Amino acid sequence: MSRLFLIDPVCAQPEGHNLALLRSYNNYLNSSFKWDSTCLVVSKELSKEFASDALRVFSFQYFGILSLSTKNHNDQKPGVSNLDKEKLAELESSHFLKEQKLHFDDYIYFPGGDYYGVYGLLAAVQKMSAKKSPTLIIRFIGVLENILGGNKSLFRLLNYITDLQTMGFRVKVTAETPLYADFLSRTLGQPLIPSPHPLFNESITPHSRDNQRVVVLPGSGRLDKGFDRVFYIAREMSQSSGYENVVFKVQSLPPQNVNEHLDLATRLYALPNVDLLPSYVSTEVMHQLYRDANVILSPYAQDVYAMRGSAVMIEALDFGRLVVSQTETGFSPQLEYYGIGVSCNSNSDYVRGLKNLLDIQPEELDYRANQARYRYKIDVAAAYKELFA
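First, a word on what this report is: a plain description of the structure on this page. Each chain has its residues counted from 1, following the order in which its sequence is written. Selection of residues for local features in this predicted model requires a pLDDT of at least 70, selection of side-chain atom pairs for listing and counting requires 80 or more, and totals for whole chains, interfaces and linings are taken over all residues. The basis for the side-chain values is all heavy atoms of the structure; hydrogens and waters are excluded.

Looking now at the packing of helix 1 (residues 18-32) against helix 13 (residues 362-387). A fitted line through C-alpha atoms represents every axis, and for helices the fit uses only the stretch in contact; the resulting angles, taken between N-to-C directions, go from 0 to 180 degrees. Numbering of helices and strands runs from the N terminus, with a helix taken as a DSSP run of H or I at least four residues long and a strand as a DSSP run of E at least two residues long. Relative to each other, helix 1 and helix 13 sit at 75 degrees, their axes nearing to 12 Å. When the axis of helix 1 is compared with that of helix 13, the two are roughly perpendicular. Along its contact with helix 1, which presents Tyr25, Tyr28 and Leu29, the element helix 13 presents Val380, Ala381 and Tyr384. Split into classes, the residues belonging to the contact of helix 1 with helix 13 amount to six nonpolar, no polar and no charged. An angle below 35 degrees is read as roughly parallel, one above 145 as roughly antiparallel, one from 65 to 115 as roughly perpendicular, and any other as oblique. Any two residues whose heavy atoms approach within 4.5 Å at even a single point are treated as in contact. Each residue receives one of three labels: charged for Asp, Glu, Lys and Arg, nonpolar for Ala, Val, Leu, Ile, Met, Phe, Trp, Tyr, Cys and Pro, and polar for the others, Gly being one of them.

Take the packing of helix 10 (residues 311-319) against helix 13 next. Running from N to C, helix 10 and helix 13 point in directions that differ by 120 degrees, and their axes come no closer than 9 Å. Comparing the axis directions of helix 10 and helix 13 gives the class oblique. Seen along the crossing, helix 10 lies across helix 13 with a hand that is left-handed. Two secondary-structure elements touch here, helix 10 through Ile314, Leu317 and Asp318 and helix 13 through Ala369, Ala372, Arg373 and Tyr376. Broken down by class, the residue content of the contact of helix 10 with helix 13 amounts to five nonpolar, no polar and two charged. Should the near helix be turned anticlockwise from the far one by less than a right angle, the crossing is termed left-handed; should it be turned clockwise, right-handed.

Right, let's talk about the side chain of Gln100 for a bit. By the element assignment, Gln100 lies in helix 2 (residues 82-100). Working definition: with a 1.4 Å probe on protein chains only, accessible area under 20% of the residue-type maximum means buried, over 50% means exposed, and in between means partly exposed. On the basis of relative accessibility, which here comes to 19%, the residue Gln100 falls in the buried class. Setting aside anything within four residues of it in sequence, one finds Gln100 in contact with Arg3, Phe5 and Leu55.

A few words now on unusual backbone geometry. Not every positive phi belongs to a glycine, and Lys101 is a case in point at roughly 55 degrees. Counting through the fold element by element, Lys101 comes out in the loop between helix 2 and strand 4 (107-110). We note that Glu328 has phi near 55 degrees; this positive angle belongs to a residue other than glycine. Inspection of the secondary structure assignment puts Glu328 in the loop between strand 11 (322-326) and helix 11 (332-338). In this structure Glu328 comes out as exposed when scored by relative accessible area, which is 63%.

It is worth spelling out the sheet that holds strand 2 (residues 37-43) at this point. Strand pairs in the sheet, formed through backbone hydrogen bonds, run parallel or antiparallel to each other. An order of 3-2-1-4-5-6 is seen for the six strands of this open sheet, with the pairing classed as parallel. A strand with exactly one partner marks an edge of an open sheet, and here the two such strands are strand 3 (54-58) and strand 6 (171-175). This sheet shows a mean twist of 20 degrees between the axes of neighbouring strands, independent of strand direction. Contacts from helix 4 (residues 152-166) reach strand 5 (135-140) and strand 6 within the one sheet, and its direction differs from that of strand 5 by about 155 degrees. Against the sheet, helix 13 touches strand 4, strand 5 and strand 6, its axis set at about 160 degrees to strand 6. A pair of strands is treated as paired once DSSP finds two or more bridges between them.

Once that is clear, we can look at the sheet that holds strand 8 (residues 247-251). In spatial order, the strands read 9-8-7-10-11-12; together these six strands make up an open sheet with parallel pairing. Among the strands making up the open sheet, the edge pair consists of strand 9 (274-277) and strand 12 (341-344). Ignoring strand direction, the axes of neighbouring strands in this sheet form an average angle of 20 degrees. Of the strands in this sheet, strand 7 (214-217), strand 8, strand 9, strand 10 (295-298) and strand 11 are in contact with helix 6 (residues 227-238), which crosses strand 8 at around 170 degrees. Packed onto the sheet, helix 9 (residues 283-292) meets strand 7, strand 8, strand 9 and strand 10 and runs at close to 160 degrees relative to strand 8.

Dropping the structure here:
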C-alpha cells in the first residue's frame, strides 16, 4: 500500500497561501500519480472547521516571527529555547510516524520545508530502519528553513539530510526556484531540480471585455511585498493622461503594523484611484480579486526575494493574469522565461510596465496567459515525475 502525506506544520490558519496551496498540491499529485490514499498534515492551530480532512499534528513553533489572524506574538510561551522546540518537533513527528504506521512504500512531501518541521521529521525518521522508512521529499522555498539567522539552520538541515542519505535513507531535496535549486545543489554537492508549484484551475478566467482597468496587489500589505511603493506608483498613474480611471485594489497592513506605518496607509487611502482592502481576506474574495484584475502588481523587495519564488505569481498565472514585478528576484527569470509578465526596477518603470499591459487587448492577454500556462505546466509535470519516480 502506497500512501502520500503532505506536511505543512506552518499551515495554521485558513487565510494566506498555506492551506490553499496544500490542497492544490493534494489535487495535483492525486491526479498525476496513483496512491492508495493521500492525507494533509497540518498545525494544531488550524481550526477543525477548516481542517476536517486533515491530521492536526504539529505545534505552531513561530509565534513572535509569524502572525496569525487569530493569534498574536504574545502567545509565545516565555523561555522556550530552540532546543526545546527541536525536541518537541521530534516527539510530534515520532508520534505521527508511529500512529500512521508509515513504512517503505509511503511518501512524505514537504511543499515548503520549515526548520523545526523538517528537523523533527529527520530526527524521527533516523530512529527507523532505512530499509523500512518512507521516502521524504523536502521542497525548500527560502523562508522558514533559515529561521536561526543567516544560513545556519538551513546548513544544519542540509548536513543532516546528507548524513541520512549516506546511511541509506531515501531523502530527496528540491527547491521552489531555479536559482535556489542551484544554490542548494552546490551546497549539497548533488544535482537538484526546481519544482514549480502546480496550477489548480483547469483554464484561465477570460479578461473582461468592458472598459474596466483594475490593478491588484494581492496579499497582506507588507513592506517586503512593496506596500511602501504602491503610493508612488498609483499616484503617478493617476496623473497620467488616459489612465486616470485605473483602479488599484490593495490589501492593507496587518493590524500589528498599522501604527508603525500609519502615515503611509493614510496617504495611500487618500488616493482617489486606490481601493484599500482588509489585510486578511477569505480565499473566495482573493480569487475574485484575481478574476477582476487586468494586471497583477508585485513590487517585491530584491533582497528578501533574492532566491525566493512568488505564490502570487503562480496564482496570477492560474487565473490567467500577467504580472508586473521586480527584477533580480528568485522568480524574475521564471516570469520572463514563461512570459508571465514583465520585470521592473524603479517606480516609474512599474508605471510604464503597467501601462504597456493595460493597453493590450483582452484577447491578446488571454492568448499570452494560455501560452505561459502551457509552457509552465509542461515543466511542472516533468519536475514531479522526476521527484516521485
